[in-house]
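Chain by chain, the residues run as shown.
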Amino acid sequence: GGQGLEGSIVKGTMAAPYEEPNAFRSTPMSFVQILMQREAAHDTVHELGNLECVEFVDSDANKQKTAFQRPWVGEVRECQEILRQLRHFREMAGILKLQTDSLDEEPASNLHDVQVEFAELEKELKELTMRQRSMDRTAYERAEHSYLLKVADSELQPVSGAGGLTPGALDPLAAAEEGAGGARPSSDRALRSIWGTIAAERREGFERVLFRAARGNTISKFSYVPHTVREVNNSGQVEDIEKVGFLILFSGSVLQDKVGKICQSMDAHRFDIPEGKREREQLMAELKEHAAEHKQVTESAQRRQAAVLGPFSTRLGAYERWALREKSIHATMNLLNTVISNRTVLAEAWLPTDCIPAVQAALQRACAKAGAETPSVLHQLKPYSTPPTLIRTNKLTEAFQGLNDAYGTPRYLELNPGIFYPVTYSFLFGVMFGDIGHGTLMLFGALGLIAVEKQWEGKKLNEIIAPAFYGRYVLLLMSLFSIYCGGVYNECFGIALLPWSYYALDCPEEGGPCGATPIAPPAFGVDPVWSIAENKLGFANSFKMKISIILGVSQMCFGLACKTANCLYFKKWKDLLFENIPEYIFLLSIFGYLCVLIVYKWCTDWVGLGLPAPALLDTLLGMLLEFGSPIPAENVLYQGQATVQTILVIVAVLAVPMMLFPKPLLLRAEHKDGYQPMEMENKDDEEGGSSHGGHSGAEFDFSECMIHQSIHTIEFVLGAVSNTASYLRLWALSLAHAGLSEVFWERVMLNVLEMETHPVLHALAMFAGFAIWASMTFGVLMVMETLSACLHDIRLHWVEFQNKFYGGDGVVFTPLNFAAILAAYVEAESELLSAKKIAD
């Protein structure tokens, strides 16, 4: 059987690049068909799900079937019912405080037998629960009766004997009736009372309705302090309600009927309260005796429930895993093609090419487990749709890849920008956040999160710690690059830290500005003498702004280089020649030339030449806006500058029509009668055209293609300017970070250190000053500035860098993964439990 299985493998017809793994691209995928016996389908899906590398595809034969017409929909419903029952059992186990999940023994019975067993258990538990609820309802009513008895003698004393109260005082119509010749029976004129309780929130409405219905012919009294009582609602749930006791005095049977109906409509509970004190004490004793009996009966019922549920509670976790796995297996089996014959089924799936041997072994195990007479057969086919994207990551690259995927999943075999994030993202963050001290604090935090990695991994953390722990390696690399860039800036908590200097200072004894004599260039970083120079801000502005432009143009050129790699990999020669190369020419002719001027200006000793340093902004504006005009003498940097700039502008302008017209015209020439010819379809398929080569065999619309190319050209030309300007945020945030650090240090700590007062007061002031400085440093610089720099950093990658080459519209590879399904179920259950607690 094993030899026959291996002989059934048919190698795919993919091009060579698709068969070779590449660290910079997604994992090569294979589209396969698996032919298996119907009896082996369950075990096959089970084995492949354990591999976590197979994504099943819904068969075309099932497209006309609804979800309720699939062959294994009944089993899926049974699994859902079992999960509902297990959820109920877990709630009951929590109420009874039973031990759960201590055993890892899964059921040996089949799905139907387990459901029948659980149904009988649930029925028995429900009967016990309903009997308990009935007894609880009676006990709660007796407790409410006891409360009313307590307040009857203290807060709700009857007023019938106070001051000669008569029925006539309550019913002014009685005298009128007697004068008209009518006479009421003595029983109707007797003073009557109704005792009861009502929810405290309904007291005012109850009084208002009672007054209007009785026309003021009642006297009502309410207890002063609400009392919390338990009550079983209509849905069988126990809830706590604040209630007040009341006493209503009236005369006549008509009012008695009205008051009774009002109490019933407003959910007021009526109770009988004896008039004599001895009778009340006797009733109170009886109620207490009933409460004690109810407590004993409740404990006995709970022991009975625990005896019934106990054997299952220790295996709830195992049963949940089993039910979830069975549900996912049968839901996956509903994707199989079952119409080819009564005994065989056909599965279509995506899997990584390097996992085919593992899948073969899993098929052999499944056939042996199911006792199948015929081995399952795997065929590797040519894909008819876009393959899904699988990016394999490790602990270091996982969070960085998550940042990239938040924008969009890479297309299949497209160059993955996430592989560059550990360097580019961390470095640009360091440029904005560069400070040795702050970077060191972040490094300690990252190392602390990495130190507890084994203890915290897999556990649910709070919503503040969880993102930081997930991105612990991101914080690690960001902190290292922040320390490096802080060393370049020579900044540590806003202070110049590195001691070496290019200058020797000569400060006069009588005070005044110091002179500076050049000695030797510093070994690393910015010269510390700039921290005390009068033009410190101007130097920092110029230096960081020019660095930002150089870094921005460099990263955009790197984005174009990534597009070049994609064009070469997929053999998109038209995109390479008539999009990518003109984009290089346009960007480098203007902004690449600006970077060259920046470096040239840095390398020239303008003081030694006795010439003022030209303003590069004026040079760039004159190059574009004053084309062909002579360059002013103060803006000349080198001989022949006017000729070079004129040539560069002409080349940049010519690059625009090269981006706009050739590609649509060539595509129009290739498409005859509005359709792509067959030989071009085959060629596109060989070049990976199924995912990147356009729409093979689809109708070609030249106007649509021309509009698309025009939009791309305009977007790139305008984006070259706006994206370069956008990189100036590196300069702005770096300057803001340095300025805040310096202000916090000078205005808080330095002022405290320079205080001249009593040593004790100075020590207290230093303690208070340090606390304020540390709080502001952590809250503003370590938290707010970090978040701000991260957001600006991700924007630079998503917009300025990735729009040069990145599609980001790929399909995520989602294999059958039992562990992921269980994790999602546990998370959903925990969120549901949290929501219930909040609601309660």
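Cut-offs used in this document
Residue indices follow the written sequence of each chain, beginning from 1 at its first position. Only residues with pLDDT of at least 70 get local features here, since the model is predicted, and only at 80 or more are side-chain atom pairs given and counted; chain-wide, interface and lining totals rely on the full set of residues. Think of the side-chain values as coming from all heavy atoms in the structure, minus any hydrogens and water. Burial here depends on accessible area, computed with a 1.4 Å probe over protein chains only, as a share of the maximum for the residue type. Under 20% is buried, over 50% is exposed, and the range in between is partly exposed. By the criteria applied, helices consist of DSSP H or I runs no shorter than four residues and strands consist of E runs no shorter than two, each listed in order from the N terminus. Note on pairing: two strands pair once DSSP finds at least 2 bridges between them. The axes used here are C-alpha line fits, helices contributing only the stretch in contact, and every angle between their N-to-C directions lies in the interval 0 to 180 degrees. The labels follow the angle: roughly parallel below 35 degrees, roughly antiparallel above 145, roughly perpendicular from 65 to 115, and oblique for the rest. Contact definition: two residues touch when any of their heavy atoms are within 4.5 Å. Classification used: nonpolar for Ala, Val, Leu, Ile, Met, Phe, Trp, Tyr, Cys and Pro, charged for Asp, Glu, Lys and Arg, polar for all others including Gly. Working rule for handedness: look at the near helix, and if it is turned counterclockwise from the far one by less than a right angle, call the crossing left-handed; if clockwise, right-handed. Joining through side-chain atoms within 4.5 Å is the link that ties buried Ala, Val, Leu, Ile, Met, Phe, Trp, Tyr and Cys residues into a set, and such a set is a nonpolar core.

Colleague: I'd love a proper account of the pairing of strand E8 (residues 344-352), names of residues and values included.
Modeller: The element E8 is largely enclosed, with a buried count of 8 among its 9 residues. Pairing of strand E1 (residues 29-37) with E8 involves 9 bridges; the strand directions are antiparallel. Counted as the bridge partner of Gln37 is Thr344 from E8. Examined bridge by bridge, strand E2 (residues 55-57) and E8 share 3 bridges and lie antiparallel to one another. Bridge pairing links Glu55 to Trp350 in E8.

Colleague: Let's hear about the packing of helix H14 (residues 436-451) against helix H28 (residues 759-801): which residues, and what values?
Modeller: Two elements in contact, H14 and H28, have axes whose closest approach is 12 Å; the angle formed by their N-to-C orientations is 80°. Taken together, the axes of H14 and H28 are roughly perpendicular relative to one another. The residues of H28 that touch H14, namely those facing His438, Leu441 and Met442, are Thr777, Leu781, Met782 and Thr786. Broken down by class, the residue content of the contact of H14 with H28 amounts to 4 nonpolar, 3 polar and no charged.

Colleague: Report on the packing of helix H18 (residues 536-570) against helix H27 (residues 729-753), specifying residues and quantitative values.
Modeller: For any two helices packed against each other, one specifies the inter-axial angle together with the distance between the axes. For the pair H18 and H27, interaxial distance at closest approach is 8 Å and the crossing angle is 145°. When you trace H18 past H27, the crossing you get is right-handed. Between H18 and H27, the residues in contact are Lys536, Leu537, Ala540, Asn541, Lys544, Met545, Ser548 and Leu551 and Leu730, Trp731, Ser734, Leu735, Ala738 and Glu742, respectively. Residue classes in the contact of H18 with H27 are distributed as 8 nonpolar, 3 polar and 3 charged.

Colleague: Give a description of the nonpolar core that names residues and reports values.
Modeller: Judged by nonpolar contacts, the single largest core of 64 residues is most densely connected at Tyr425, Met478, Phe586, Leu587 and Leu730. Among the elements that line this core, the one with the most residues is helix H19 (residues 573-603), at 9 residues. Listed in part, the 25 residues of the second largest apolar core include Ala347, Val359, Ala362 and Leu363.

Colleague: Any details on unusual backbone geometry? Residues and values, ideally.
Modeller: You will see that Lys97, though not glycine, has its phi angle at about 60°, which is positive. Mapped onto the fold, Lys97 is located in the loop between helix H3 (73-96) and helix H4 (111-152). The backbone of Asn490 shows a phi angle near 60°, a positive value even though the residue is not glycine. Structurally, Asn490 can be placed in the loop between helix H17 (472-489) and strand E10 (503-506). Taking the relative accessible area as the measure of exposure, Asn490 reaches 3% and is therefore buried.

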